[in-house]
Amino acid sequence: MKLAVSPDTFPPRSHEAKRVSVVDAAASVFCREGYAGANIDLIAAEAGVSRQTVYNHHGDKEKLFVAVVRDLTERCNAGIFATIASFPDQPAYLEADLIAFAVRMNRNCICNRDGRFLRKLIQAEGERYPELFAEWREQGPGRTWSALAARFARLAFAGHLSIGDPDVAARQFLALVNAELQITFMLGGAPTEEEVLRSATNGVRTFLSAFAKKKLPAGKQAVLVHA
């Protein structure tokens, strides 16, 4: 005769370990089933905890969903800011250095597990439950754009770029370098390394065609010098 064992009794896990398990399991369930199709029992089973443990940590499904979005946003931000730290502030070869940076952004922040989960939740549930993404709007793209805008402002100050509004330039850079990956994302696929590189390359070249510092022909430079 088998004895029923509560999922919370073995193996023993810390309070934090259970919280992480619940949030990770909830992210998987919400992505797979959608917000309406997910329920606490399914999440508890996937996390290997009791239903009561989920309620003790998060209260209800809506609060758990908000916690999932917050956790994914924080983890994505950590990867994004670590990658932004490698931005080419003093580029030896502007185009090549920006392409390499764009590849890192795509690979480390857009195409990884957390990025895929967060993007899927936003695409699937953002229109129906916009209030559940209020914190993401404040802490996610806004912070990323500001940090990247500051880097582009430095490149413009150093004479590498001609930018009127660094915030606009940052938003357009991010949109351009992953533009060719969007259909793959929408169909639930994972881009290949070749696709990531091609999207980054084409995006950076388009970006530079708009924002690269235009050099005057030698003849016109001479005219300006003598004027």
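Residues numbered from 1 in each chain as written. Predicted model: local features only at pLDDT ≥ 70, side-chain atom pairs only at ≥ 80, totals over all residues. Heavy atoms only, no water.

As annotated in an unreviewed UniProt entry, the protein is TetR/AcrR family transcriptional regulator from Mesorhizobium montanum.

**A word on the packing of helix 4 (residues 61-84) against helix 5 (residues 94-110)**
Worth spelling out the cut-off: The axes used here are C-alpha line fits, helices contributing only the stretch in contact, and every angle between their N-to-C directions lies in the interval 0 to 180 degrees. Only DSSP runs of H or I with at least four residues qualify as helices, and only runs of E with at least two residues qualify as strands; both kinds are numbered from the N terminus onward. Under this scheme an angle from 65 to 115 degrees is roughly perpendicular, one under 35 degrees roughly parallel, and one over 145 degrees roughly antiparallel; angles in between are oblique. Crossings are sorted by hand: turned counterclockwise from the far helix by less than a right angle, the near helix makes the crossing left-handed, and turned clockwise it makes it right-handed. When checking whether two residues touch, look at their non-hydrogen atoms; a contact exists if any pair is within 4.5 Å. Residue type decides the class: Asp, Glu, Lys and Arg count as charged, Ala, Val, Leu, Ile, Met, Phe, Trp, Tyr, Cys and Pro as nonpolar, and the leftover types, Gly among them, as polar.
Helix 5 packs onto helix 4 with a crossing angle of 165 degrees between their chain directions and a minimal axis gap of 9 Å. Taken together, the axis directions place helix 4 and helix 5 in an arrangement best described as roughly antiparallel. Considering the relative orientation of helix 4 and helix 5, their crossing is right-handed. Where helix 4 approaches helix 5, its residues Gly79, Ile80, Thr83 and Ile84 are matched on the opposing element by Phe101, Arg104, Met105, Asn108 and Cys109. For the contact of helix 4 with helix 5, the per-class residue count stands at five nonpolar, three polar and one charged.

**Considering the packing of aromatic side chains**
For clarity, the cut-off: For Phe, Tyr and Trp, rings pair up if their centres lie within 6.5 Å, where Trp contributes its six-membered ring, and each pair is then called stacked (planes under 30 degrees apart), edge-to-face (over 60) or tilted (otherwise). Whether a charge sits over a ring comes down to the Lys NZ or Arg CZ being within 6 Å of the ring centre and within 35 degrees of the ring normal.
Counted according to the given criterion, the structure contains 10 aromatic pairs. Measuring from centroid to centroid gives 5.1 Å for Phe152 and Phe207, while their planes differ by 40 degrees, and the two rings are tilted. Placement of Phe152 in helix 8 (residues 141-157) and of Phe207 in helix 11 (residues 193-211) is noted, with a sequence separation of 55 residues between them. Through successive ring pairs, a cluster of aromatic residues spans Phe87, Phe101, Phe152, Phe173, Phe207 and Phe211. Positioned over the ring face of Tyr35 is Lys61, at 4.5 Å from the centre of the ring. Over the ring of Trp145 we find Arg171, and its NZ or CZ is 5.7 Å from the ring centre.

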